[in-house]
Amino acid sequence: AAGVIQSPRHLIKEKRETATLKCYPIPRHDTVYWYQQGPGQDPQFLISFYEKMQSDKGSIPDRFSAQQFSDYHSELNMSSLELGDSALYFCASRPGFRSVEQYFGPGTRLTVT
Amino acid sequence: AQSVTQLDSHVSVSEGTPVLLRCNYSSSYSPSLFWYVQHPNKGLQLLLKYTSAATLVKGINGFEAEFKKSETSFHLTKPSAHMSDAAEYFCVVSERPGNEKLTFGTGTRLTIIP
């Protein structure tokens, strides 16, 4: 079965640089969520999109932005990177309003040096 | 506001013995509850979910959980641990219909002793 695809899987950036993470949801899933998991931490909700509109916002820094495109893939743009942004970034998708479970991608490990 | 508390940060059991990972939740609404598992350097895999149907929920790999509203608990159990069960387990709550952002517990690291 198709799963959530995230790219790249690993990314190394320097402080103050910019990064773009991509997420391709499971086909026919219309809702995408982004989570950040710091080292030894539990995942924290960042932002979500439903039908290409932002549906909820969590603890996402102003330096980050995201959008969902017409093909339902989503991109998380991160600017002015800081050392503390080093984390595992997960994307999850949900099959529709009748479903509650989210299916997670493998994550993108971002290292800021 | 919704939250979950995982009562043990680390659980060790011997292979072949029962597993119990404890979780208590707090929610203003009727919550949906999940257990996710994360193996080292891997993504999050859904083990099972509760969505106001049967209170005893069966998941993958022999795991199950029981929703107890009176105790606000959703403990995860497995009759017989296997070495491959060693991982981090997250109890997760989703509350408000229409969005369902997930709130994670702090995780329980399960170690299996050979």
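Predicted model only: the values in this text are computed from it and were never measured. (Residues numbered from 1 in each chain as written. Chains lettered and ligands numbered in written order. Predicted model: local features only at pLDDT ≥ 70, side-chain atom pairs only at ≥ 80, totals over all residues. Heavy atoms only, no water.)

Undergrad: Where do I start with the state of the cysteines in this structure?
TA: One covalent bond between the sulfur atoms of two cysteine residues makes up a disulfide. All names here are of chain A. Applying the stated criterion to the full structure yields two disulfides over all chains. Residue Cys 23 pairs covalently with Cys 91 via a disulfide, S to S 1.7 Å. In this structure, the disulfide formed by Cys 23 and Cys 91 twists by about -50° around the S-S bond and is classed as left-handed. With Cys 23 in strand 3 (residues 19–24) and Cys 91 in strand 9 (residues 87–94), the pair connects residues that are 68 residues apart, well separated along the chain. (Disulfide = S-S within 2.5 Å. Helix = DSSP H or I, 4+ residues; strand = E, 2+ residues; numbered from the N terminus.)

Undergrad: I tried to follow the sheet that holds strand 8 (residues 74–78) of chain A on my own but got confused; where do I start?
TA: Through backbone hydrogen bonds, the strands of a sheet pair up, either in parallel or in antiparallel fashion. All names here are of chain A. Taken in spatial order, the four strands make up an open sheet running 1-3-8-7, and their pairing is antiparallel. Every interior strand has two partners, whereas the edge strands, strand 1 (5–7) and strand 7 (64–68), have only one. Ignoring which end each strand starts from, the neighbouring axes of this sheet average 15° apart. When strand 1 meets strand 3, the two strands line up antiparallel, connected through three bridges. Looking across to strand 3, one finds that Ser 7 is bridged to Lys 22. (Pairing = 2+ DSSP bridges. Axes fitted to C-alpha atoms, helices over the stretch in contact; angles between N-to-C directions.)

Undergrad: Looking at this model, I keep getting lost on unusual backbone geometry. Mind explaining?
TA: In terms of backbone geometry, most residues other than glycine have negative phi values and most peptide bonds are trans. Residue and element names in this part refer to chain A. In this model, Ser 7 is joined to Pro 8 through a cis peptide bond whose omega is -10°. Topologically, Pro 8 is positioned in the loop between strand 1 and strand 2 (10–13). Not every positive phi belongs to a glycine, and Arg 16 is a case in point at roughly 75°. Looking at where Arg 16 falls in the secondary structure, it is placed in the loop between strand 2 and strand 3. Classification of Arg 16 as exposed rests on a relative accessible area of 66%. Phi angles above zero are rare outside glycine, and Arg 28 is one such case at about 75°. Topologically, Arg 28 is positioned in the loop between strand 3 and strand 4 (31–37). Taking the relative accessible area as the measure of exposure, Arg 28 reaches 77% and is therefore exposed. (Buried < 20%, exposed > 50% of the residue type's maximum accessible area, 1.4 Å probe, protein only.)

Undergrad: Even after reading the chapter, I still don't get the pairing of strand 5 (residues 32–38) of chain B, so can you show me in this structure?
TA: Each regular strand displays side chains that alternate between the two surfaces of the sheet. Residues and elements named next belong to chain B. Counting buried positions over the seven residues of strand 5 gives seven, a clear majority of the element. Of the strand pairs in this sheet, strand 5 and strand 10 (residues 87–94) are connected by seven bridges, and their pairing is antiparallel. Bridge pairing in strand 10 places Gln 38 opposite Glu 88. The sheet contact formed by strand 5 and strand 6 (residues 44–50) spans six bridges and is antiparallel. Paired with Trp 35 across the bridge in strand 6 is Leu 48. Remark: five residues form the turn of the hairpin made by strand 5 and strand 6, two consecutive strands paired antiparallel; Asn 41 in that turn has positive phi of roughly 60°.

Undergrad: Can you help me understand the interface of chain A and chain B in this one?
TA: As a measure of interface size, the accessible area lost when the parts come together is often cited. The interface is formed by 20 residues belonging to chain A together with 21 residues belonging to chain B. Summed over both sides, the interface of chain A with chain B buries roughly 1600 Å², with 53% coming from carbon and sulfur. Contact with chain B buries surface across chain A, with Asp 42, Val 100 and Phe 104 of chain A losing the most and accounting together for 31% of the total. In this structure, Lys 49 of chain B engages Glu 101 of chain A in a salt bridge whose closest nitrogen and oxygen atoms are separated by 2.8 Å. (Contact = heavy atoms within 4.5 Å. Buried area = accessible area lost by both parts, 1.4 Å probe. Salt bridge = Lys/Arg side-chain N within 4 Å of Asp/Glu carboxyl O.)

Undergrad: Please clarify how the packing of aromatic side chains should be interpreted in this entry.
TA: Two descriptors summarise a pair of aromatic rings, namely the distance from one centre to the other and the angle between the planes of the rings. Residues and elements named next belong to chain B. In this structure the tally under the stated criterion is 15 aromatic pairs over all chains. An angle of 50° between the planes, with centres 6.3 Å apart, marks the rings of Tyr 50 and Phe 74 as tilted. In this pair, Tyr 50 is assigned in strand 6 and Phe 74 in strand 9 (residues 73–78), connecting sequence segments 24 residues apart. Judged by centre distance (5.6 Å) and plane angle (45°), the rings of Phe 63 and Tyr 89 are tilted. Within this pair, whereas Phe 63 is found in the loop between strand 7 (56–58) and strand 8 (64–68), its partner Tyr 89 is found in strand 10, the two being separated by 26 residues in sequence. (Phe/Tyr/Trp six-rings, centres within 6.5 Å; stacked < 30°, edge-to-face > 60°.)

Undergrad: Quick question: what am I supposed to make of the pattern of salt bridges here?
TA: Opposite charge on two side chains permits pairing when their charged atoms draw close. If you walk through the whole model with that rule in mind, you get nine salt bridges over all chains. Note that Asp 85 of chain A and Arg 63 of chain A form a salt bridge whose closest N and O atoms lie 2.9 Å from each other. Of this pair, Asp 85 of chain A sits in the loop between strand 8 and strand 9 while Arg 63 of chain A is found in the loop between strand 6 (53–57) and strand 7, placing the two residues 22 residues apart along the sequence. The partner of Glu 64 of chain B in a salt bridge is Lys 58 of chain B, with the nearest N and O atoms 2.8 Å apart. We classify Lys 58 of chain B as exposed; its relative accessible area is 62%. In this structure, a network of salt bridges that share partners links the residues Arg 63, Glu 82 and Asp 85 of chain A.

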